[in-house]
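Observations on chain architecture
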Amino acid sequence: MNLGEKYKQAWFDYKDNVERETLPSLIDDNFEFRSLTKGPPKAVESKADILERLSQIGATVKTTPEVHYSSDDILVMSVLQEWDGGKGIVMVSVIFKNNKAVQMIATKGDPWE
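Residues numbered from 1 in each chain as written. Predicted model: local features only at pLDDT ≥ 70, side-chain atom pairs only at ≥ 80, totals over all residues. Heavy atoms only, no water.

**Concerning the confidence of the model for the protein**
Definition in use: Values of pLDDT, the confidence the predictor places in each residue, fall between 0 and 100. Strands are runs of DSSP state E lasting at least two residues, helices are runs of H or I lasting at least four, and both sets are numbered from the N terminus onward.
Mean pLDDT over the protein stands at 92; residues scoring 70 or higher make up 99%. The least confident element of the protein, judged by mean pLDDT, is helix α3 (residues 47-57) at 91; the most confident is helix α2 (residues 22-26) at 98.

Given below as structure tokens:
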């Protein structure tokens, strides 16, 4: 399993409150989550911001991830999100340096039906 695959698993385990120790250990302290479209509270969020927001989402949003590319350097995935009354899709890339996620870039939109 490469770093991208580990990160994806840890991300969804953290969101679903299955396991909450691995994801923080895979994120650099200077991590930045950048959203290219409106949605998150801020255009750029820190490690603490994203962990807090992710823990609040929990199981209220059903997620279906699809990995498009994964290595020890980068992860590219799309995530279909479904909640009561709606759905959206998020395209995400995660950049790793020294075995830690240093940047995550996301954009969101409406999925094809």
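And the narrative resumes.
**Some points on the pairing of strand β4 (residues 74-83)**
Counted only if it meets this: Between any two strands, pairing holds if DSSP finds at least two bridges.
In this structure, strand β3 (residues 62-70) lies alongside β4, joined through eight bridges in antiparallel fashion. Of the residues in β4, the one forming a bridge with K62 is E82. From the end of β3 to the start of β4, which pair antiparallel, there are three residues. Relative to strand β5 (residues 86-97), β4 is paired through ten bridges, and the arrangement is antiparallel. Paired with E82 across the bridge in β5 is K87. Linking two consecutive strands that pair antiparallel, namely β4 and β5, is a turn of two residues; a positive phi of about 95 degrees is found at G85 within it.

**Points about the nonpolar core**
This is how the line gets drawn: Note on terminology: a nonpolar core comprises buried Ala, Val, Leu, Ile, Met, Phe, Trp, Tyr and Cys residues joined through side-chain atoms within 4.5 Å. Only protein chains enter the area calculation, which uses a 1.4 Å probe; residues under 20% of their type maximum are buried, those over 50% are exposed, and those in between are partly exposed. A contact between two residues is defined here by any heavy atoms of the two lying within 4.5 Å.
Residues Y7, W11, L23, F31, V94 and M104 are the most contacted members of the largest nonpolar core, which totals 24 residues. Listed by contribution, the elements that provide at least two residues to this core are α1 (3-15), α2, β1 (27-35), α3, β4, β5 and β6 (100-109). Among the elements that take part in this core, α1 stands out by supplying six residues, more than any other. Ignoring anything within four residues of it in the chain, the contact list for V94 reads Y7, D73, I74, L75, A101, Q103 and M104.

**Examining the pattern of salt bridges**
Any two side chains of opposite charge can pair, so long as their charged atoms come close to each other. Just so we agree on the cut-off: The salt bridge criterion pairs a side-chain nitrogen of Lys or Arg with a carboxyl oxygen of Asp or Glu, the two atoms within 4 Å.
What the rule picks out here adds up to six salt bridges. K15 is the salt-bridge partner of D16, the closest N and O atoms lying 2.6 Å from each other. Residue D16 is classed as partly exposed on the basis of its relative accessible area of 36%. Across the pair R34 and E32 runs a salt bridge whose closest N-O atoms are separated by 2.9 Å.

**A look at the side chain of S35**
What counts, and what does not: By the criterion applied in these results, polar contacts are pairs of N or O atoms within 3.5 Å in which, for protein atoms, one can donate a hydrogen and the other can accept it, and in which residues neighboring in sequence qualify only through two side-chain atoms.
Of note, S35 is situated in strand β1. Within the structure, S35 has its side chain in polar contact with the backbone oxygen of T37 (distance 2.5 Å). Look past the residues within four positions of S35 in its chain and what remains in contact with it is P40, A43 and A106.

**Comments concerning the layout of surface pockets**
Where we set the bar: Cavities and pockets are found on a 1 Å grid laid over the protein atoms alone: a cavity is a set of points where a 1.4 Å probe fits but cannot escape, a pocket is an open set with protein on both sides within 12 Å along at least five of seven lines, and a lining residue has an atom within 4 Å of such a point. Grid points are joined across faces, edges and corners, and a volume is the space filled by probe spheres set on the points.
Taken as a whole, the largest pocket encloses approximately 570 Å³ of empty space. R53, I57, Q81, V90 and K108 are the residues nearest the centre of the largest pocket, which is lined by 29 residues in total. The set of elements that each furnish at least two residues to the lining of the largest pocket consists of α1, β1, α3, β4, β5 and β6.

**Things to note about unusual backbone geometry**
Positive phi, close to 60 degrees, is recorded for N17, a residue that is not glycine. By the element assignment, N17 lies in the loop between α1 and α2. Positive phi values are uncommon outside glycine, yet N99 reaches one of about 65 degrees. Assignment of secondary structure puts N99 in the loop between β5 and β6. According to the relative accessible area criterion, N99 is exposed, its value standing at 55%.

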